[in-house]
Amino acid sequence: MTTSSQQPQVQKTDAEWRAQLSPEEYAVLRQAGTERAWTGEYVDTKTVGVYECRACGAELFRSETKFDSHCGWPSFYEASAEDHVILREDRSYGMLRTEVLCASCHSHLGHLFDDAPQTPTGDRYCINSVSIRLQPAE
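Residues numbered from 1 in each chain as written. Predicted model: local features only at pLDDT ≥ 70, side-chain atom pairs only at ≥ 80, totals over all residues. Heavy atoms only, no water.

The name given to the chain in an unreviewed UniProt entry is peptide-methionine (R)-S-oxide reductase, with Blastococcus aurantiacus as the source organism. You can read under Cofactor (unreviewed entry) in the UniProt record for the chain the words "Zn(2+)". (UniProt positions renumbered as here; feature names shortened; annotations may be inferred.)

Peer 1: So what exactly am I meant to see when it comes to the nonpolar core here?
Peer 2: Note on soluble globular proteins: their nonpolar side chains tend to be buried together. Ranked by size, the top nonpolar core spans 22 residues in total, and within it Leu 60, Phe 61, Val 85, Leu 109, Tyr 125 and Ile 127 carry the most contacts. Every element with two or more residues in this core is listed here: α2 (23-29), β1 (49-53), β2 (59-62), β6 (97-102), β7 (108-113), β8 (124-127) and β9 (132-136). (Core = buried A, V, L, I, M, F, W, Y, C linked by side-chain atoms within 4.5 Å. Buried < 20%, exposed > 50% of the residue type's maximum accessible area, 1.4 Å probe, protein only. Helix = DSSP H or I, 4+ residues; strand = E, 2+ residues; numbered from the N terminus.)

Peer 1: Hey, could you run me through the environment of Thr 45 in this one?
Peer 2: With respect to the secondary-structure elements, Thr 45 resides in the loop between α2 and β1. What makes Thr 45 buried here is its relative accessible area of 16%. Spatially, the C-alpha atoms of Thr 45 and Ser 80 are 17 Å apart, while their sequence positions differ by 35 residues. The residues contacting Thr 45, other than those within four sequence positions of it, are Tyr 51, Lys 66 and Leu 134. Within the structure, the side chain of Thr 45 is placed 3.2 Å from the backbone oxygen of Glu 41, a separation counted as a polar contact. (Contact = heavy atoms within 4.5 Å. Polar contact = N/O pair within 3.5 Å; in protein donor to acceptor, adjacent residues only side chain to side chain.)

Peer 1: I would appreciate a short explanation of the pairing of strand β5 (residues 85-90) in the present structure.
Peer 2: In summary, the side chains of a regular strand alternate between the two faces of the sheet. Across 6 bridges, β5 lies against β6 in antiparallel orientation. Of the residues in β6, the one forming a bridge with Ile 86 is Leu 101. Taking the residues between adjacent antiparallel strands as the criterion, β5 and β6 are bridged by 6 residues, where Tyr 93 takes a positive phi near 60°. (Pairing = 2+ DSSP bridges.)

The following block contains the structure:
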């Protein structure tokens, strides 16, 4: 896990992000929004491949760590590499949570919870489908 005090490798102006991303992608990735539960394209996906950041293309998660958490969002039990994501405290909405960011561009991906005892790590990376893109294995 890297720290959020580091500068992102991919840096763009707000106008550049708005031009690149759809309004929904921008709201989630750049404004830490959340897509509605059970609406994302990857909630039930079983396709083998790599999940990349939709904003910058950095590798984030692999399909072999995806699991059915029944929470309404795609869930993974670990990032593809520890330094591919940033974890930081999130106290928004009167809750204490751990926010997950792309280490490359610092876009918001979702949140990390330690409520998955059925996984090897016990972790559940609860990730917005709109913040990732699946690159299927060849």
